[in-house]
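Structural description and commentary
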Amino acid sequence: MKPSEPPETMCPERLLMEHVTSRWGTLALIALLDRSYRFSELRRQIGRVSEKMLAQTLQTLERDGLVHRDAKPVIPPRVDYSLTDLGREAAEQVRGLARWTARRSAAVERAREAYDASKA
């Protein structure tokens with residue numbers, strides 16, 4: 001894909017992969033595995049994400065059928081986010097990758113150091 005190419009022209013599988021593995025998409029999916037969250041709670045849980053970026057991420061994941069948005073008609077408004085069955089399946093896969101990175105980060109760091117030393 002060229003940098004100027006709109007995402008809609010990407011193949012559907014690649015576009016979905018980008019949504020699921022994006023920085024904020026990954027963190028939102030993993031957080032939502034534990035329970036449903038209100039927007040502000042989810043933002044605090046993820047940390048360091050702007051309101052705009054989280055809103056865009058959740059809207060994208062909702063459109064993809066991975067996140068359910070439940071807006072309750074109360075005052076003040078209450079909106080809860082949770083995973084759909086499809087979203088839970090995707091989140092389990094992403095969490096597996098996150099666990100692998102946590103387990104293997106020391107080995108990756110050693111590989112980086114060896115590589116850098118060989119290039120010096």
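Because the structure is a prediction, the values reported are computed rather than measured.

With that settled, consider the overall build of the protein chain. The helix and strand tally for the protein chain stands at five helices and three strands. In the protein chain, the succession of helices and strands from N to C terminus is α-α-β-α-α-β-β-α. Referenced to the eigenvectors of the C-alpha coordinate spread, the extents of the protein chain come out at roughly 60 × 35 × 25 Å. For the protein chain, the residues scored as buried account for 26% of the 120 residues in total. Restricting the contact set of the protein chain to residue pairs at least 6 apart, pairs at least 24 apart contribute 43%. As displayed, the protein chain offers around 8,700 Å² of accessible surface, 53% of which is attributable to carbon and sulfur atoms. Where the 21 positive side-chain charges of the protein chain centre and where its 17 negative ones centre are 5 Å apart.

To continue, consider helix H4 (residues 51–63). Helical periodicity: at 3.6 residues per turn, an α-helix aligns residues three or four positions apart in one direction. With 13 residues, H4 extends 18 Å from end C-alpha to end C-alpha; this agrees with the ideal 18 Å at 1.5 Å per step. All of the buried residues along H4 are Leu 54, Thr 57, Leu 58 and Leu 61. Buried positions in H4, seen along its axis, are confined to an arc of 95° and lie on one side of it. Those residues of H4 that are exposed and aimed more than 90 degrees away from the buried face are Lys 52, Gln 59 and Arg 63.

The next thing to look at is helix H1 (residues 12–21). Along H1, the positions that sit buried rather than exposed are Leu 15, His 19 and Val 20. Angularly, the buried residues of H1 cover 130° about the axis, an arc narrow enough to put them on a single face. Residues of H1 that are exposed and angled more than 90 degrees away from the buried face: Glu 13 and Met 17. Its buried side turned inward, H1 meets helix H2 (23–34), H4 and helix H5 (85–119).

Okay, the packing of H2 against helix H3 (residues 39–46) next. Here H2 crosses H3 at 110°, and the two axes come no closer than 10 Å. With respect to H3, the element H2 is oriented roughly perpendicular. Judged by the twist between their axes, the crossing of H2 over H3 is right-handed. Along the contact surface, H2 presents Trp 24, Leu 27, Ala 28, Ala 31 and Leu 32, while H3 presents Leu 42, Gln 45 and Ile 46.

Next up on the list: the packing of aromatic side chains. A complete count under the given rule lists one aromatic pair for this structure. Across from the ring centre of Tyr 37, 4.0 Å away, lies the NZ or CZ of Arg 35, which sits over that ring.

For the peptide bond that leads from Ile 75 to Pro 76, omega is -5°, which places it in the cis range. Of note in this structure, Arg 48 is not a glycine but carries a positive phi near 60°. Within the fold, Arg 48 resides in the loop between H3 and H4. The class of Arg 48 is exposed, set by a relative accessible area of 81%.

About the criteria used
Residues numbered from 1 in each chain as written. Predicted model: local features only at pLDDT ≥ 70, side-chain atom pairs only at ≥ 80, totals over all residues. Heavy atoms only, no water. Helix = DSSP H or I, 4+ residues; strand = E, 2+ residues; numbered from the N terminus. Buried < 20%, exposed > 50% of the residue type's maximum accessible area, 1.4 Å probe, protein only. Contact = heavy atoms within 4.5 Å. Areas by Shrake-Rupley, 256 points an atom, 1.4 Å probe, with all protein chains shown as cover. Lys, Arg positive; Asp, Glu negative; His and termini not counted. Charge placed at Lys NZ, Arg CZ, Asp CG, Glu CD. Expected span 1.5 Å × (residues − 1). Arc of directions from axis to C-beta. Axes fitted to C-alpha atoms, helices over the stretch in contact; angles between N-to-C directions. Parallel < 35°, antiparallel > 145°, perpendicular 65-115°, else oblique. Left-handed = near helix turned anticlockwise from the far one by under 90°. Phe/Tyr/Trp six-rings, centres within 6.5 Å; stacked < 30°, edge-to-face > 60°. Lys NZ or Arg CZ within 6 Å of the ring centre and 35° of its normal.

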